[in-house]
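Chain and residue survey
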Amino acid sequence: GITGSIPFNFLDGVEDKGAPIKVDLTSNVLTGTLPASLTQFEQLSLYAAGNRITGIADGLCSKSEWLNGDVGSFQCDGILCPDGTYNAIGRASSGASSCQTCSSGTNGYLGSFACLSNDEVQEGSEREILELLYNAMDGPNWIDNTNWLDPDE
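Throughout what follows, the structure given in this document is the object of discussion. (Residues numbered from 1 in each chain as written. Predicted model: local features only at pLDDT ≥ 70, side-chain atom pairs only at ≥ 80, totals over all residues. Heavy atoms only, no water.)

1. Some words on the pattern of salt bridges
Just so we agree on the cut-off: Each reported salt bridge corresponds to a side-chain nitrogen of Lys or Arg within 4 Å of a carboxyl oxygen of Asp or Glu. Elements are defined by DSSP. Helices are runs of H or I of four residues or more, strands are runs of E of two residues or more, and each kind is numbered from the N terminus. Only protein chains enter the calculation, and the probe is 1.4 Å; a residue is then buried if its accessible area is under 20% of its type maximum, exposed if over 50%, and partly exposed in between.
For the coordinates displayed, the defined rule picks out three salt bridges. Lys63 serves as the salt-bridge partner of Glu42, at 3.3 Å between the closest nitrogen and oxygen. Of this pair, Glu42 sits in the loop between strand S3 (29-34) and strand S4 (43-47) while Lys63 is found in the loop between strand S5 (52-56) and helix H1 (70-74), placing the two residues 21 residues apart along the sequence. By relative accessible area, Lys63 is classed as buried at 12%. The closest approach of N and O atoms between Arg52 and Glu131, which form a salt bridge, is 3.5 Å. Here Glu131 lies in helix H2 (residues 118-136) and Arg52 lies in strand S5, a separation of 79 residues in the sequence.

Okay, here's the thing in structure tokens:
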């Protein structure tokens, strides 16, 4: 999958900022905040659920034509369900239910497809500790760092 954050210059090569644009980045390992530079697009359908997104830049939640009007109807929830909520597509949509509150918790990111069980919540905090250790010990430069940040391991 695709890793890292979405760069500020993402989609800079698109000349017609008013044209309908569809970008599906669902279920990767993208991190950080959806960049404010995306506000230049009028009819963007950016599918980003199932990643490690922690924020949505100011201005994106008021793009009423985005995602076939779902952002106009649901504001930020139309882009990604907030942390602590979920639904089957990871965002509120006129064709799906609104974002539902989790009783046990989620993975700490926006755009969750499901809630975590209490056991998964505990495992998640253990994983966070290991990720902190990996980064503190310069894991990206280890001779063998296979699967250390793989979400499926």
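2. Description of the side chain of Glu131
How we decide: Residue contacts follow a heavy-atom distance rule, with two residues in contact if any of their heavy atoms lie within 4.5 Å.
Looking at Glu131, the relative accessible area reads 16%, which means it is buried. Apart from the residues lying within four places of it in its own chain, the contact partners of Glu131 are Arg52 and Leu149.

3. Things to note about the packing of aromatic side chains
Applied cut-off: Each aromatic pair joins two rings of Phe, Tyr and Trp (for Trp, the six-membered one) with centres within 6.5 Å, and gets the label stacked for planes under 30 degrees apart, edge-to-face for over 60, and tilted for any other angle.
One pass over the structure, following the stated rule, counts three aromatic pairs. Look at Tyr134 and Trp148: their rings are 5.5 Å apart centre to centre, the planes differ by 15 degrees, and that puts the pair in the stacked class. In this pair, Tyr134 sits in helix H2 while Trp148 sits in the segment after H2, placing the two residues 14 residues apart along the sequence. The partly exposed category is assigned to Trp148, whose relative accessible area is 29%. Each ring, one from Trp142 and one from Trp148, has its centre 5.0 Å from the other, and the planes form 90 degrees; the classification is edge-to-face. Residue classification places Trp142 among the partly exposed residues on the basis of a relative accessible area of 26%. Three or more aromatic residues joined by ring pairs form one cluster here, namely Tyr134, Trp142 and Trp148.

4. Points about the nonpolar core
Put simply, the test is: To qualify as a nonpolar core, a set must consist of buried Ala, Val, Leu, Ile, Met, Phe, Trp, Tyr and Cys residues joined through side-chain atoms within 4.5 Å.
Formed by 25 residues in total, the largest nonpolar core has its most connected members in Leu34, Leu38, Leu44, Ile79 and Leu80. Those elements giving two or more residues to this core turn out to be strand S2 (20-24), S3, S4 and S5. Apart from the residues within four sequence positions on either side, Leu80 is in contact with Leu34, Ala48, Ala49, Ile53, Ile56, Gly90, Arg91, Leu110 and Gly111.

5. Examining a nonpolar patch on the surface
Keep this limit in mind: Patch membership requires more than 30% relative accessible area and the absence of a salt bridge. Residues of like charge join within 9 Å; the nonpolar side chains Val, Leu, Ile, Met, Phe, Trp and Tyr join within 5 Å. Here the Shrake-Rupley method, with its probe set to 1.4 Å, supplies the accessible areas, and only the displayed protein chains count as covering residues.
Together, Leu130, Leu133 and Met137 make up an exposed nonpolar region whose accessible area comes to about 290 Å². Looking at the secondary structure, you find Leu130 in helix H2. A relative accessible area of 46% places Leu130 in the partly exposed class.

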